[in-house]
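One letter stands for each residue in the lines below.
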Amino acid sequence: MPRDRSSWRWRRIIRAPTRCAPCCCATAPADRAACRTDSQNATQDAGTPRALKTSRRPVTGRPMQIERSVVHPQPRLSVVIPAHNALRWLPGAIASLGVFGEIEILVVDDGSQDGTGDYLRGIAASDRRVRPLATTAAGPAAARNVGLAAAQAPLVAFLDADDRWRRGKMAAQMELHRLYPDIGFSFTDHRRFAEDGTELATGFGRCRAFAARHSMRREAFILHRDAQAAIYAEPVVATSTVMAQTALLRAVGGFNEQLRRAEDWDLWLHLAACAPVGCLPRSLADRLVRAVDPEGPEGQARRIARRRVAEAYALPVSQLDADAVQQCRTSQLALEADGAALAGLRVQAAMLRLSAFAQQPSGKMARAAARDLFGMRSLDQRVP
């Protein structure tokens, strides 16, 4: 049902989904609750998306084991970095944030055993922006929620410990949110690197439909009703590029802690139904892409989680864009093929790409399958 522009003003009304049981998310009715941010009272709103059941609790109060309190009297941005045995990359991630003083850096040590806690205590003594927090190996969703609960700024940005921000990202996104205060969150394009340093296709570059639709854009733009379908169809949003309204994140309960994988995709789909989404079509972050065997434990866990999220949002997304559901199936196969190719499983990667080609034929997918079979490097992959 068409909605007028005023329905996007999430400061007045947040449409937060009522969650169904994980085992029946595909058949549960697509009802949704609308909760006011001031009172959190819910009213029924039929025909809007329904996601997975979650034990999301209100993200308020103080998180566990806070080791430092006040950092800046009025930070403009809170950067949340979950870290689990990531000491190898963490100093680079923090350094990539630059020297801007009006931020707080909330690093959540998620049960690390590699000295991360000692490192954070040391750097916090010299950099007053850094606030070490801690959880007990609760997973990335819970770790980010701990950071969200401690955030003091009106905007929250996320950065994984093995990723990096590029110069200008923080300022560009903060300006976008200043110019368009009604957007719920924004994201940017990003560069992707394999563990051996090979530069892969950019985030938007591997999303064929999104890139074709917005290829002529050079400046920031806003996605309205088409945001959820675009985020569902292809993996355009990388968590380390996201900046969001703190109040909105807390109003919807933060990340779904029942999901150990794909919890970020679930949240971006959730937020896209609540408010407009901003996009900066510039590569303003560097992301590390790890090799994953699709048939290994990690590959299977990712596939199951993605399938749960995809099934939960399939019906409402299909009402926005009939092609998005099919594009999602194809892109999920391509994601698995990428992981297999990076793991050196060339035949498996090629078979996955051919399956994707059968669902949605394209010359690009056929060429990628051929490269996997014959071990050729793509033109968009290079070793620095």
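All values reported here derive from a predicted model rather than from experimental measurement.

Attention now moves to the overall build of the protein chain. Across its full length, the protein chain holds 12 helices and 12 strands. Looking at the protein chain as a whole, 54% of its 384 residues are labelled buried. Summing over all exposed atoms, the protein chain offers an accessible surface of approximately 17,100 Å²; the carbon and sulfur share of this is 53%.

Aromatic ring pairs are described here by two measures, namely the spacing of the ring centres and the angle between the planes. Applying the stated criterion across every chain yields a total of nine aromatic pairs. A ring pair is formed by Phe-185 and Trp-268, whose centres lie 5.5 Å apart and whose planes are at 35°; its orientation type is tilted. Remark: Trp-268 occurs in helix α8 (residues 263–272) and Phe-185 occurs in strand β9 (residues 185–194); sequence separation between them is 83 residues. Grouping residues by exposure puts Phe-185 and Trp-268 together as buried. Taken together, the ring pairs connect Phe-158, Phe-185, Phe-187, Phe-204, Phe-210, Phe-255 and Trp-268 into an aromatic cluster. Sitting over the face of the ring of Trp-165, Lys-169 holds its NZ or CZ atom 3.9 Å from the ring centroid. The ring of Trp-89 carries the charged tip of Arg-290 above its face, separated from the ring centre by 4.6 Å.

Right, let's get into the nonpolar core. Residues Phe-185, Phe-187, Phe-210, Ile-231, Tyr-232 and Trp-268 are the most contacted members of the largest nonpolar core, which totals 54 residues. Leave out the neighbours within four places in its chain, and Phe-210 touches Phe-187, Phe-204, Phe-221, Leu-223, Ala-230, Glu-234, Val-236 and Cys-279.

Even without being a glycine, Asn-85 presents a positive backbone phi close to 50°. Here Asn-85 lies in the loop between β4 (77–83) and α1 (90–95). Under the relative-accessibility criterion, Asn-85 is labelled partly exposed at 34%. One non-glycine residue, Ala-262, lies in positive phi territory at about 60°. Mapped onto the elements of the fold, Ala-262 is located in the loop between α7 (246–251) and α8. For Ala-262, a relative accessible area of 13% puts it in the buried group.

As a further point, take the pattern of salt bridges. Enumeration according to the criterion identifies 11 salt bridges in this entry. One salt bridge connects Glu-263 with Arg-144, and the closest N-O pair in it is separated by 2.9 Å. Note that Glu-263 is positioned in helix α8 and Arg-144 in helix α3 (residues 140–150), a separation of 119 residues in sequence. Of the two residues examined, Glu-263 and Arg-144, each falls in the buried class.

Once that is clear, we can look at the layout of surface pockets. When its volume is computed, the largest pocket comes out at roughly 1,500 Å³. Lining the largest pocket are 50 residues, with Asp-160, Asp-264, Arg-287, Glu-298 and Arg-302 sitting closest to its centre. Listed by contribution, the elements that provide at least two residues to the lining of the largest pocket are β4, α3, β9, α6 (227–233), α8, β12 (277–289), α9 (297–320) and α10 (324–342). When grouped by side-chain class, the residues that make up the lining of the largest pocket number 21 nonpolar, nine polar and 20 charged.

Interaxial distance between α8 and α9 falls to 9 Å at its minimum, and their mutual angle equals 15°. One finds that α8 runs roughly parallel with respect to α9. Seen from above, α8 lies across α9 with right-handed handedness. Side by side, α8 and α9 meet where Trp-265, Asp-266, Leu-269 and His-270 of the first sit next to Arg-306, Val-309, Ala-310 and Tyr-313 of the second. For the contact of α8 with α9, the per-class residue count stands at five nonpolar, one polar and two charged.

Secondary-structure assignment places Asp-162 in the loop between β7 (155–158) and β8 (164–165). By relative accessible area, which is 16% here, Asp-162 ends up buried. On a C-alpha basis, the gap between Asp-162 and Ser-240 in space is 9.7 Å, while along the polypeptide they are 78 residues apart. In contact with Asp-162, not counting residues within four places along its chain, are Trp-89, Leu-288 and Arg-290. Only 2.7 Å separates the side chain of Asp-162 from the side chain of Arg-290, close enough to count as a polar contact.

Conventions adopted
Residues numbered from 1 in each chain as written. Predicted model: local features only at pLDDT ≥ 70, side-chain atom pairs only at ≥ 80, totals over all residues. Heavy atoms only, no water. Helix = DSSP H or I, 4+ residues; strand = E, 2+ residues; numbered from the N terminus. Buried < 20%, exposed > 50% of the residue type's maximum accessible area, 1.4 Å probe, protein only. Areas by Shrake-Rupley, 256 points an atom, 1.4 Å probe, with all protein chains shown as cover. Phe/Tyr/Trp six-rings, centres within 6.5 Å; stacked < 30°, edge-to-face > 60°. Lys NZ or Arg CZ within 6 Å of the ring centre and 35° of its normal. Core = buried A, V, L, I, M, F, W, Y, C linked by side-chain atoms within 4.5 Å. Contact = heavy atoms within 4.5 Å. Salt bridge = Lys/Arg side-chain N within 4 Å of Asp/Glu carboxyl O. 1 Å grid on protein atoms, 1.4 Å probe; cavity = no way out; pocket = protein on both sides within 12 Å on 5 of 7 lines; lining within 4 Å. Points joined across faces, edges and corners; volume = space filled by probe spheres on them. Nonpolar A, V, L, I, M, F, W, Y, C, P; charged D, E, K, R; others polar. Axes fitted to C-alpha atoms, helices over the stretch in contact; angles between N-to-C directions. Parallel < 35°, antiparallel > 145°, perpendicular 65-115°, else oblique. Left-handed = near helix turned anticlockwise from the far one by under 90°. Polar contact = N/O pair within 3.5 Å; in protein donor to acceptor, adjacent residues only side chain to side chain.

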